[in-house]
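Chains, contacts and geometry: an overview
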Protein chains: 2
Amino acid sequence: MVKVAVLGHGTVGSGVVELLLKNKKSIESRAGQEIEVKYILDLRDFPDSPYQDKFIKDFNIILQDPEISIVAEVMGGLSPAFDYVRSLLESGKSVVTSNKELVAAKGAQLLKTANQHNVNFFFEASVGGGIPIIRPMHQCLAANEISEVAGILNGTTNFILTKMIEEQMPFDQALQLAQQLGYAERDPSADVEGHDACRKICILASLAFGKHVYPHTVHTEGISRLSLDDVAYADSFDGVIKLIGRARRLPGGKIVAAVYPAILSKHSQLANINDVFNGILIRGDATGDVVFYGRGAGKLPTASAVVADIIDITKANCTSKSLSWEDSSGDNVEDYKLSPSRFYLKLQGDPAEARKQIARCFGDAEYLARPGQPADELAFVTEEMTEHELDRRLEELQGVQLKSMIRVLDY
Amino acid sequence: MVKVAVLGHGTVGSGVVELLLKNKKSIESRAGQEIEVKYILDLRDFPDSPYQDKFIKDFNIILQDPEISIVAEVMGGLSPAFDYVRSLLESGKSVVTSNKELVAAKGAQLLKTANQHNVNFFFEASVGGGIPIIRPMHQCLAANEISEVAGILNGTTNFILTKMIEEQMPFDQALQLAQQLGYAERDPSADVEGHDACRKICILASLAFGKHVYPHTVHTEGISRLSLDDVAYADSFDGVIKLIGRARRLPGGKIVAAVYPAILSKHSQLANINDVFNGILIRGDATGDVVFYGRGAGKLPTASAVVADIIDITKANCTSKSLSWEDSSGDNVEDYKLSPSRFYLKLQGDPAEARKQIARCFGDAEYLARPGQPADELAFVTEEMTEHELDRRLEELQGVQLKSMIRVLDY
């Protein structure tokens, strides 16, 4: 029998305990032995919980109990999660986590610690909730050179965008609805400003390209400045706006990575991922594009990924040395503006003069139209260029005002 | 160093050798040691191949070489593949295969043999080509009770259907085009009649539900009888026709499984999987629906799955006891007609009389219309019922002729 401890009894933590009980029989048969939750660590009291005998408030009980071989860290945040996880690994206990902030900030260090102490640090639940992505990427695509990882990595913003696209609901109202439904937090900035998606693309990029990608090195934009006008123009271009996290390897081995809203063709596999669902695309030299789709968050989907990691450690009984990456000083990430794409631009100004300016600076632009378009508003899509080139040309534009810029990506 | 042999130098086999060379460095780092192809078994001569020194024609050289620990069987077919694989496993060599016919017909037996001899029998490449599906389903979804598996499992038929849907190309012409492009064989029946998809759903269902599902127990229909009229009616219903393989667990533990064309809503994640791409949906009690999408066939995608299995065995160095299922006598599969769905029906007959008959037998039918619809043709979608119930009602219809019946599924 394997005895585990669960750090945190919030949404995911209670799901982990529930799932280990609910599917006990099949989990046992898959793991090859019984898995029992011995401790649940939480500072709060849960007087109505059926697991009364398991709650503790002192982390050291877990750290010092030799019976505990696997610990699920599902508290979130860096402190005290980082100190807890590090000391658990150092004392020879494997850790599984759903904590993307922890993995994005400290992954390389914790993986190294796990390797040194012959235990495992697994984090399937940190990206894509219930979607298997870390392990498939690591194992099944092991034969590939991965050139690019991209995806819709945040369910809250995807829900908001879906409402904006399908129901022409303004951003503020869609955000309110997401909050009412429990999809968005009271302070929604981590989701809405792209930071959550940034952490996830950092984890995927670190694993795909072998060196830690730190969130502060990744250019991140959210969706709070998108308007229904942008959505309408995108629609007229046969496209939809999605918040995309992406990382691409450049020929020399460095990478470019970014999180920003992007216009995708409606025929893209990522364009049809709606509501709170996530979708992740892995581009390999042998497989081509592979897409994984499912619920990127939520109690049981995320818990199922945590439990799968626990089962895996129970079965394997050895350290997975290759699920790892090197640390980096941040110089593995190149300026994202080197990445070429087409750009959607919305300008305001005298229409005849603006068209002249656009022709001068951008050549053959592809003009877009929307219902109710004011005479002094122009929207168009440029040809492909780097963002540095875009900046240069935008500087040359005279007498018009830039109202929106959105990248056009072809996944 | 691990030395491997490759049985067969066809499309997939040559891809395996190519990939092991092409990505040698990264494969080595992921596998933890060098992987060398020592033998390639093929009865044909390949005078222009750069691997001259590796070709052999005598299988026993591989069987008796103690240096060979892993063999890739990529010949296809049951004979001699089955005898080869069995004797390799019995002599303590692990086998990886892309051979869906072999796994669908002999999986339970070969997995048992592998377990008895403490070696592995892996088959990631047998379903979904380059899409990681066997391992994610086995490992990452281990915490779930899987209730249903369904998907677009055959790229050739999906290519043909895409041409019928998007370009109104008749079936025969689309098939010819598929043959010209090398997507369909000269004898296309294994693809077009659904047998290939049937083998794949058998493998997925065996793994998902724990007992071998034999192809002859699975009701299988192909796409050769579909017409552009059916495609047009489906379109008017906001749907598309896809060839779906599906297996669902019934409350008592038995399963229903079938392969047939089905109408899916255009908003379904499976509806937007086009051309030669495959998509597989796994429905778990904790994850909800998870969909895997990618190239279901082709030299390098399939080879990449074979090589991933080789890497996995190299790394793990132990037997995966849980990647397995019990044998069955076939009584684990229930009559597929117990499965309820809605049905699209196309009838021919006197329109007034037909409408009266339809109202009498089917109550509130949802009528469909298509451009150029003849006066004596009626198409409608029934409410949900079992296929037994459908049969009963169809028998009661008088004076009209049934021209098409297609299930309407809601994935």
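The structure under discussion appears in the preceding block.
Residues numbered from 1 in each chain as written. Chains lettered and ligands numbered in written order. Predicted model: local features only at pLDDT ≥ 70, side-chain atom pairs only at ≥ 80, totals over all residues. Heavy atoms only, no water.

Quick notes on the overall build of chain A
Quick note on the threshold: Working definition: helices are DSSP H or I runs of at least four residues, strands are E runs of at least two. Numbering for both runs from the N terminus. Our radius of gyration looks at C-alpha atoms and nothing else; its globule reference is 2.2 Å times the residue count to the power 0.38. Remark: exposure states derive from per-residue accessible area (1.4 Å probe, protein chains only) relative to the maximum for the residue type, with buried under 20%, exposed over 50%, and partly exposed in between. The contact criterion used is simple: two residues touch if any of their non-hydrogen atoms lie within 4.5 Å.
When its secondary structure is counted, chain A shows 14 helices and 16 strands. By the compact-globule yardstick of 22 Å for 411 residues, chain A fits well, its C-alpha radius of gyration being 23 Å. Taken over the C-alpha atoms alone, chain A extends approximately 75 × 50 × 35 Å along its principal axes. Scored against the burial criterion, the 411 residues of chain A give a buried share of 59%. Partitioning the contacts of chain A with sequence separation of at least 6, the portion at a separation of at least 24 is 74%.

Examining the nonpolar core
In plain terms, the rule: Nonpolar cores are built from buried Ala, Val, Leu, Ile, Met, Phe, Trp, Tyr and Cys residues. Side-chain atoms within 4.5 Å join them into one set.
In terms of nonpolar packing, the biggest core is built from 232 residues, with Phe121(A) and Phe121(B) touching the most fellow members. Beyond its immediate sequence surroundings of up to four residues, Phe121(B) is in contact with Val85(B), Leu89(B), Val95(B), Thr97(B), Leu102(B), Val103(B), Leu110(B), Leu111(B), Ala114(B) and Leu323(B). Core analysis: the next-biggest nonpolar cluster, separate from the first, contains 32 residues, Ala262(A), Leu270(A), Leu281(A) and Ile244(B) among them.

Details of the relation of the copies chain A and chain B
Put simply, the rule reads: To line up the copies, we fit them by least squares on C-alpha atoms, keeping just the residues with pLDDT of at least 70 in both.
Of the transformation superimposing chain A on chain B, the axial component is 0.0 Å and the angular component is 180 degrees, with the fit at an RMSD of 0.0 Å. These values place the two chain copies in the arrangement generated by a two-fold rotation axis. Looking at the rotation axis and the C-alpha trace of chain A, the residue lying nearest is Phe292(A), at 2.4 Å. Both copies present the same face, since 100% of the interface residues in chain A are matched by interface residues at the equivalent positions in chain B.

Section: the interface of chain A and chain B
Quick note on the threshold: For any pair of parts, buried area is found by adding up, for both, the accessible area (1.4 Å probe) each one loses once the two are put together. For this document, the term salt bridge refers to a Lys or Arg side-chain nitrogen within 4 Å of an Asp or Glu carboxyl oxygen. Polar contact criterion, stated in full: a pair of N or O atoms within 3.5 Å, where within protein one must be able to donate a hydrogen and the other to accept it, and residues adjacent in sequence count only if both atoms are side-chain atoms. Asp, Glu, Lys and Arg are counted as charged, while Ala, Val, Leu, Ile, Met, Phe, Trp, Tyr, Cys and Pro are counted as nonpolar; the rest, among them Gly, fall into the polar class. Any two strands with at least two DSSP bridges between them are considered paired.
In this assembly, 44 residues from chain A lie in contact with 44 residues from chain B. Roughly 3800 Å² is buried in total at the junction of chain A and chain B, and carbon and sulfur atoms are behind 52% of that figure. The three residues of chain A that bury the most area against chain B are Arg30(A), Gln269(A) and Tyr293(A), which together make up 16% of that side's buried surface. For the pair chain A and chain B, the interface holds two salt bridges. A salt bridge links Lys22(A) to Asp285(B); the nearest nitrogen and oxygen atoms lie 2.7 Å apart. Put simply, chain A and chain B have 18 residue pairs in polar contact (both at pLDDT 80 or more) between them. For the side of chain A that touches chain B, the secondary-structure elements that each account for two or more residues are helix H1 (11-22), helix H2 (24-31), helix H6 (134-140), strand E12 (288-295) and helix H12 (299-316) of chain A. Per element, the largest residue contribution to the side of chain A that touches chain B is eight residues, and it comes from H12(A). By residue class, the composition of the side of chain A that touches chain B is 22 nonpolar, twelve polar and ten charged. The pairing of E12(A) with strand E12 (residues 288-295) of chain B spans three bridges and is antiparallel. Bridged to Val291(A) within E12(B) is Tyr293(B).

Quick look at the packing of H2(A) against H12(A)
Residue and element names in this part refer to chain A. The condition is simple: Where helices are involved, their axes are fitted lines through C-alpha atoms of the stretch in contact, as for all axes, and angles between N-to-C directions lie from 0 to 180°.
The interhelical angle for the contact between H2 and H12, taken along N-to-C directions, is 35 degrees, at an axis separation of 9 Å. Contacts between H2 and H12 involve Ile27, Arg30 and Ala31 on the former and, on the latter, Val307, Ile311, Thr314 and Lys315. When the residues that make up the contact of H2 with H12 are grouped by side-chain class, the tally is four nonpolar, one polar and two charged.

Let's talk about the sheet that holds strand E6 (residues 121-122) of chain B
Residues and elements named next belong to chain B. Spatial ordering of the open sheet is given by E3-E2-E1-E4-E5-E6, a layout of six strands whose pairing is parallel. Lying at the two open borders of the sheet, with one neighbouring strand each, are strand E3 (55-56) and E6. Relative to strand E4 (residues 68-73), strand E1 (residues 2-7) is paired through five bridges, and the arrangement is parallel. Note that in E4 the partner of lysine 3 across the bridge is isoleucine 68. The strands that helix H1 (residues 11-22) touches are E1 and strand E2 (35-41); relative to E1, the one it contacts most, it runs at about 155 degrees.

Considerations on the side chain of Asn158(B)
Residue and element names in this part refer to chain B. As for its position among the elements, asparagine 158 is in helix H7 (residues 155-167). With relative accessibility at 1%, the residue asparagine 158 sits in the buried group. Within the local environment of asparagine 158, its side chain forms a polar contact with the backbone oxygen of aspartate 275, the two atoms lying 3.1 Å apart. At 3.2 Å, the side chain of asparagine 158 forms a polar contact with the backbone oxygen of phenylalanine 277. Filtering out sequence-adjacent residues up to four positions away, asparagine 158 remains in contact with Ile152, Lys242, Ile273, Asn274, Asp275 and Phe277.

A few points about the side chain of Lys200(A)
Here Lys200(A) lies in helix H10 (residues 195-209). Once you skip the residues sitting within four places of it in the chain, Lys200(A) turns out to touch Lys100(A), Ser126(A), Val127(A), Leu153(A) and Asn154(A).

Here we look at the sheet that holds strand E6 (residues 121-122) of chain A
Residue and element names in this part refer to chain A. On the basis of which strands lie adjacent, the open sheet formed by six strands has the order E3-E2-E1-E4-E5-E6 and parallel pairing. Every interior strand has two partners, whereas the edge strands, strand E3 (55-56) and E6, have only one. Strands in contact with H1 are strand E1 (2-7) and strand E2 (35-41); relative to E1, the strand with the most contacts, it is inclined by about 155 degrees.

Regarding unusual backbone geometry
With an omega of 10 degrees, the peptide bond between Ser79(A) and Pro80(A) qualifies as cis. Within the element layout of this structure, Pro80(A) appears in the loop between strand E4 (68-73) and helix H4 (81-90). A positive phi angle is found at Asn118(A), which is not glycine, with a value near 55 degrees. Its location among the elements puts Asn118(A) in the loop between helix H5 (100-116) and E6. Under the relative-accessibility criterion, Asn118(A) is labelled exposed at 53%. The phi torsion at Asp238(B) lies on the positive side, around 60 degrees, for a residue other than glycine. Counting through the fold element by element, Asp238(B) comes out in the loop between helix H11 (228-236) and strand E9 (239-249). Relative accessible area serves as the criterion here: at 35%, Asp238(B) is assigned to the partly exposed category.

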